[in-house]
Amino acid sequence: MNAKSMSVWIAALAMGLGAGVAAAAKASTPDNGALLGASGNDNEWILPAKSYEGNPYTGLTQIAPNNVASLGLAWSTALADEGQQEAAALSWKGTLFIATSHNGVVALDAASGKLKWQFPYDPSYIISFSVNRGVGIADGKVFMATLDCRVIALDAETGKQVWNVAGCSDPSNSFYSMAAYVYKGAVIVGHAGGDYGTEGSVTAFSTKDGKQLWDWSTLKRDTWPGTSWHHGGAAVWSGLSIDPKDSTLFVAPGNPGPDMVLKGREGPDLYTNSLVALDINGKKPKVKWHYQLVKNDTHDADTSMIPVLFTAKVAGKMQDLVAVGDKAGNFVVLDRATGKPLHKLAVSDQTGFFTTVPTVEGTHACPNHGGGIEWLGGGYDPASNLFFVPSTEECGIWKIDPNPPVYAPGQAYKGGALPKRGKGTGVLTAIDMDTGAVRWRNPLPYPGQGGALITASGLVFTSDLGGSLYAFSTTTGKQLWHVDTGSAVVAPITTYVLGGQQYLNVVVGQAGNQQTANLPTPQASRVLAFRLGATQPVVNSSEGQVARATSKNAAAGEVPVSIGDAPYTAEQVTAGAAVYAQHCAVCHGAQLQGVAAPAMAGPAFARTKPTLAQLHTVVTKNMPLTAPGTLSAADYAAIMAYMLSYECVKPSGDGKTPFPTGDISALKPITFGAKICPPGGGKE
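All of the points below concern the structure found in this document. Small disclaimer: the values here were computed from a predicted structure and weren't measured.

## Description of empty space enclosed by the protein
In this approach the atoms are scanned with a rolling probe the size of a water molecule, which exposes any empty space left behind.
Working step 1: Applying the stated criterion across every chain, the model contains two cavities of 30 Å³ or more.
Working step 2: Of the volumes computed, that of the largest cavity is approximately 160 Å³.
Working step 3: The wall of the largest cavity is formed by 20 residues, among which Pro48, Ala49, Pro56, Leu376 and Pro492 lie closest to the centre.
Working step 4: Here the residues of the lining of the largest cavity sort into 14 nonpolar, five polar and one charged.
Working step 5: Each pocket or cavity is described by its volume, and for the second largest cavity that value is around 50 Å³.
Working step 6: Surrounding the second largest cavity, Leu465, Gly466, Ser487, Ala488, Ala511, Gln515, Leu519, Pro520 and Pro522 form its lining.
Working step 7: Of the residues that constitute the lining of the second largest cavity, the class distribution is six nonpolar, three polar and no charged.

Take a look at the structure:
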């Protein structure tokens, strides 16, 4: 072989090897064809709600009413990234891909739960609560949108970062919490922040390099009085569905801003609390139709449920439909092509919801801000023609501040603290699509927020926030199986087949932002897999995982040590440590590092650049989560002293002047730094 022939042969070999590597990479995740056919592939779970249609229904029949009682735990894997776990576990060819609460990702062996790789992450800042609802998988990559407004692609074989781009147009009041949806070469994601004065939007990024492809604003400005749309909310944070037949994207923008104060924004305020059908065939989405569930909302009534697309019999005729629900407890079924409502009913108590508004003194209304119908909603069963939707029963006293709300970047824009959490319960409702009537309702002891998984064998699986998983007969509602996981369940139940065995999978952890007053104390975060006849589960520790890895997206230049001083005493610090441990640590962490809620000390806290007044407002108005604003003035002052000490703020007046229990406007400004000073020399 001459030199020229040799070089041609080498080039051809290199091209062949390159093509093989590319094919292998793509084989590690589904391609476009597999994603489009996801509804017909029951052996895998490759999109957040199984398919683009968003209906959590599987044709699998191995687990059935006559054997579901023998369902046992096959394996469990502990997660080092502790917190409020809400992600769907995606399965593909023996691997599970799972997002954790602080934007980490783990890849697990689907048969044993053994760790394959981990991508640890710690957002550079957290505006609200810490949660991620799942990854997207395609083209050999794993995609995730983060709490600090990044969109990231990882290599699906190794977990190594491929690209990392900026997302939200205004990160001062926005964050990503929803799953990353991959559709025809685009990662589509909406951002959260409706309670912080954001302008909602849905954005598409190229799966190849993260380049922004299009961005659609959820605010139809000419439907808002004056300039009230400027901080109008309408965030899209729960999930999406897509009709692949005509590339129609269904999005559900949430509450208007400010949440609880109507004055100044009376009107339609579109597209808040709505379902919107978007044509995404062109370069920019176009609205086909919209339907608003709640107008002039003052009770945080996000249209939170992932829209579900399905075909069912209505009034004796088969029709293409879309169903959606909201935190007010409304459940609506509409004609998919026109948006015409066909059925509408309440699945939760709505006492006072539409007849009162929040006042300074307080008004009683149901549901509370934790639902109604939360983000996972439910699903449709073609065999019974029933739609199953879990919901929450909980009421609250809705109060607003005496002064009108003023927008401040990174601060809540609600008009007051959301109501104290009560002793929430749940209910699973089965609705006949032919008539719109309720077929049966089953009460749950705790809020029902984990959605529904329906099987062709006649089972509907669901969960409650107290940690239980259930299986009911689709036709009768009879309970056929129950297990207590010991941890809060906010994530969906998914299913897949491996080695001829059908598995059920769910991620459990803390209740976090959904904590109600009656919940049992949860155990640690874990990934659980169940199968028939399992009696001796494999228990995997979190060994090999890193709890969090500091984000490289942090803004440079934060000060290392806090600058300034404030009055507080050692006695207040001691008292504050006890109050904090009792009321605040479950969400903000024992070391103020942030678990389900933002960090209150350290680099992530410092990067948000809060003022002393803003910190004081957060503490006194929003803490503790289940009963904001209910502690004594002395307790709040003690918590402030404890936090200031932890944040290395020096005590003024030789530590003899206590932190005030009232007005703090006379106190000097403080620049908070990244260094921590645990009282008593404790370690982070």
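## Remarks on the state of the cysteines
Working step 1: Within the structure shown, the criterion is met by three disulfides.
Working step 2: Between the sulfur of Cys366 and that of Cys395 lies a disulfide, 2.0 Å long from S to S. Here Cys366 and Cys395 share a disulfide; its torsion about the S-S bond, 95°, makes the bridge right-handed. Taken together, the residues span a long stretch of sequence, with Cys366 in the loop between β23 (363-365) and β24 (379-381) and Cys395 in the loop between β25 (386-393) and β26 (396-398) at a distance of 29 residues.
Working step 3: Exposure remark for Cys395: the relative accessible area of 29% places this residue in the partly exposed category.
Working step 4: Cys587 supplies the cysteine sulfur nearest to Cys584, a cysteine that is in no disulfide, at a spacing of 8.6 Å.

## Re unusual backbone geometry
Working step 1: For the bond running from Leu270 to Tyr271, omega is 5°, close enough to zero to count as cis.
Working step 2: Mapping Tyr271 onto the fold places it in the loop between β16 (248-251) and β17 (274-279).
Working step 3: Cis rather than trans, the peptide bond between Met623 and Pro624 has omega equal to -5°.
Working step 4: Inspection of the secondary structure assignment puts Pro624 in the loop between α6 (612-622) and α7 (633-646).
Working step 5: For Asn296, which is not glycine, the phi dihedral falls at a positive 55°.
Working step 6: Structurally, Asn296 can be placed in the loop between β18 (286-292) and β19 (308-314).
Working step 7: Here Asn296 falls in the partly exposed class, since its relative accessible area comes to 30%.
Working step 8: The phi dihedral of Lys609 is positive, around 50°, even though this residue is not glycine.
Working step 9: Relative to the helices and strands, Lys609 resides in the loop between α5 (603-607) and α6.

## What to know about the side chain of Asp432
Working step 1: Residue placement: Asp432 occurs in strand β27 (residues 425-432).
Working step 2: Residues in contact with Asp432, not counting those within four places in the same chain, are His343, Asn385, Leu386, Ala437 and Arg439.

## Points about the sheet that holds β25
Working step 1: As summarised here, the arrangement of the four strands in space is β24-β25-β27-β28, forming an open sheet in which the pairing is antiparallel. With one partner strand each, in any of the chains shown, β24 and β28 (438-444) form the two edges of the open sheet. Each strand of the sheet is rotated relative to its neighbour by a mean of 25°, with strand direction disregarded.
Working step 2: Here β24 pairs with β25 via three bridges, running antiparallel. Each bridged residue has a counterpart across the sheet, and for Asp381 the counterpart in β25 is Leu386.

## Some words on the environment of Arg439
Working step 1: For Arg439, the position within the fold is in strand β28.
Working step 2: Classification of Arg439 as partly exposed rests on a relative accessible area of 42%.
Working step 3: Residues Arg439 and Thr475, spaced 36 residues apart in sequence, show a C-alpha to C-alpha distance of 8.7 Å.
Working step 4: Excluding residues within four positions of it along the chain, Arg439 makes contact with Ser384, Leu386, Ala430, Ile431 and Asp432.
Working step 5: Side chain to side chain, Arg439 and Asp432 meet in a polar contact 3.0 Å long.

## Some remarks on the pairing of strand β30 (residues 459-463)
Working step 1: Buried residues dominate β30, accounting for five of its five residues.
Working step 2: On β30, burial covers both faces: Leu459, Phe461 and Ser463 on one face and Val460 and Thr462 on the other are all buried.
Working step 3: Across three bridges, strand β29 (residues 453-455) lies against β30 in antiparallel orientation. Along β30, the bridge assignment pairs Leu453 with Phe461.
Working step 4: Hairpin connection of β29 to β30: three residues between the antiparallel strands, including Gly458 at a positive phi of 100°.
Working step 5: The pairing of β30 with strand β31 (residues 468-473) spans five bridges and is classified as antiparallel. Across the sheet, Leu459 pairs through a bridge with Ser473, a residue of β31.
Working step 6: Hairpin connection between β30 and β31: a loop of four residues separates the two successive antiparallel strands, and Gly467 in this loop has a positive phi of roughly 115°.

## What about the sheet that holds strand β34 (residues 501-508)?
Working step 1: Taken together, the five strands give an open sheet; going across it, the order is β33-β34-β35-β2-β36, and neighbouring strands pair in mixed fashion. Every interior strand has two partners, whereas the edge strands, β33 (494-498) and β36 (538-540), have only one. Adjacent strand axes in the sheet meet at a mean angle of 25° when their direction is disregarded.
Working step 2: Two elements, β34 and strand β35 (residues 526-532), share five bridges in a ladder whose sense is antiparallel. Bridge pairing in β35 places Asn505 opposite Ala529.

## Looking at the side chain of Ser304
Working step 1: Looking at the element boundaries, Ser304 is found in the loop between β18 and β19.
Working step 2: A polar side-chain atom of Ser304 sits 2.7 Å from the main-chain carbonyl oxygen of Ile373.
Working step 3: Apart from residues no more than four positions distant in its own chain, Ser304 is found in contact with Trp237, Ser238, Gly325, Asp326, Lys327, Ile373, Glu374 and Trp375.

## So, helix α3 (residues 570-583)
Working step 1: If you check α3, its first and last C-alpha atoms are 20 Å apart, about what 14 residues at 1.5 Å a residue would give, namely 20 Å.
Working step 2: Along α3, the residues classified as buried are Gln572, Val573, Gly576, Val579 and Tyr580. On an axial view of α3, the arc spanned by its buried residues comes to 130°, and they lie on one face. Away from its buried face, by an angle of more than 90 degrees, α3 presents the exposed residues Ala570, Glu571, Thr574, Ala581 and Gln582.

## Things to note about the packing of aromatic side chains
Working step 1: A complete count under the given rule lists 21 aromatic pairs for this structure.
Working step 2: Ring geometry for Tyr52 versus Tyr183: centroids 5.1 Å apart, planes at 85°, classification edge-to-face. Taken as a pair, Tyr52 in the loop between α2 (32-36) and β1 (57-58) and Tyr183 in strand β11 (residues 181-183) lie far apart in primary sequence, 131 residues in all.
Working step 3: Through a chain of ring-to-ring contacts, the aromatic side chains of Phe310, Phe331, Tyr380 and Phe387 assemble into a single cluster.
Working step 4: One residue, Lys93, lies across the ring of Trp92, its end atom 4.8 Å from the ring centre.
Working step 5: Sitting over the face of the ring of Trp375, Arg133 holds its NZ or CZ atom 5.1 Å from the ring centroid.

Rules used throughout
- Residues numbered from 1 in each chain as written.
- Predicted model: local features only at pLDDT ≥ 70, side-chain atom pairs only at ≥ 80, totals over all residues.
- Heavy atoms only, no water.
- 1 Å grid on protein atoms, 1.4 Å probe; cavity = no way out; pocket = protein on both sides within 12 Å on 5 of 7 lines; lining within 4 Å.
- Points joined across faces, edges and corners; volume = space filled by probe spheres on them.
- Nonpolar A, V, L, I, M, F, W, Y, C, P; charged D, E, K, R; others polar.
- Disulfide = S-S within 2.5 Å.
- Helix = DSSP H or I, 4+ residues; strand = E, 2+ residues; numbered from the N terminus.
- Buried < 20%, exposed > 50% of the residue type's maximum accessible area, 1.4 Å probe, protein only.
- Contact = heavy atoms within 4.5 Å.
- Pairing = 2+ DSSP bridges.
- Axes fitted to C-alpha atoms, helices over the stretch in contact; angles between N-to-C directions.
- Polar contact = N/O pair within 3.5 Å; in protein donor to acceptor, adjacent residues only side chain to side chain.
- Expected span 1.5 Å × (residues − 1).
- Arc of directions from axis to C-beta.
- Phe/Tyr/Trp six-rings, centres within 6.5 Å; stacked < 30°, edge-to-face > 60°.
- Lys NZ or Arg CZ within 6 Å of the ring centre and 35° of its normal.

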